[in-house]
Amino acid sequence: TTRLIGAIIMVHGDQRGLVMPPKVAPIQVVIVPIFKTDEEETKILEKVQQIEKELIGAGIRVRVDKDDQKTPGAKFFHWEVRGVPIRIEIGPKDFANDSVVCVNRAEHDKEKKKTVVKCDELAAHIPLMLNTIHKQLFERATKFRQDNWFQVDDINDFGDALEKEGGFYQAGWCGSGECEERFKKHKATIRCMLEDNTHAQCCVCKKDSTRDISIAKAY
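Residues numbered from 1 in each chain as written. Predicted model: local features only at pLDDT ≥ 70, side-chain atom pairs only at ≥ 80, totals over all residues. Heavy atoms only, no water.

Draft legend 1. View of the packing of aromatic side chains. All chains considered together, the criterion is met by 4 aromatic pairs. Plain terms: the ring middles of phenylalanine 158 and tyrosine 169 are 5.3 Å apart, the flat faces sit at 15° to each other, and that makes the pair stacked. One end of the pair, phenylalanine 158, is in helix α7 (residues 155-165); the other, tyrosine 169, is in strand β9 (residues 168-173), with 11 residues separating them in the sequence. Accessibility assignment for this pair places phenylalanine 158 and tyrosine 169 in one class, buried. Over the face of the ring belonging to phenylalanine 76 we find arginine 87, whose NZ or CZ atom lies 4.0 Å from the ring centre. (Phe/Tyr/Trp six-rings, centres within 6.5 Å; stacked < 30°, edge-to-face > 60°. Helix = DSSP H or I, 4+ residues; strand = E, 2+ residues; numbered from the N terminus. Buried < 20%, exposed > 50% of the residue type's maximum accessible area, 1.4 Å probe, protein only. Lys NZ or Arg CZ within 6 Å of the ring centre and 35° of its normal.)

Draft legend 2. Region of the structure containing the nonpolar core. Core analysis: the biggest nonpolar cluster contains 24 residues, and Ile31, Leu55, Ile88, Val100, Leu122 and Ile126 have the highest contact counts within it. Only β3 (29-33), α2 (38-57), β4 (62-64), β5 (86-90), β6 (99-104) and α6 (122-147) provide two or more residues apiece to this core. A total of 6 residues in this core trace back to one element, the largest contributor, which is α6. In contact with valine 100, not counting residues within four places along its chain, are Ile51, Ile88, Glu89, Ile90, Asp94, Thr115, Val116, Val117, Cys119 and Leu122. Core analysis: the second largest hydrophobic core is formed by 16 residues, Ile155, Leu162, Ala171 and Cys202 among them. (Core = buried A, V, L, I, M, F, W, Y, C linked by side-chain atoms within 4.5 Å. Contact = heavy atoms within 4.5 Å.)

As structure tokens, this is what we get:
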């Protein structure tokens, strides 16, 4: 579990914190009711209860934030840092229009980030939105890997870049512990044994390679 969360933080995160992939997120949707008066509270919480029930019925993992000690802004921040994929906001104006505001945690474009959705369309809209977020994160992670994956042959040529700039370095390895120790001098370790065998020689000793490996910094 610790390794999984660590991998998610490294790949799916931004300046605001974690971004959880919908399929593994313990909470896929958080609902934040917004009100000022007791009358607004009664009406909005009743509507929220209805929305929660419908989303759970659609197989969505939902949490309602009823904390009356925090401002809406503090609640938004709380759930953004934890990476909940979708936030649903519903205030007096939304209630009057029988709609809510859905916020995509993975979206960086402010104009695309928020979507107004009618309440009776939520149960159908949220699963589609979760699929969109999953696709966004997958494409972003794939591009990150492609942009930071390098084919290398000699530790003397890529060792300094590995240590200073990071990235993933695919190279040949003879299988010896002595050569593996060399990577540690650059604060790196073997991260994966690859099925590829595209590099004929070990990147350290130049003996025949037994298999390709992925080398990266150990944080």
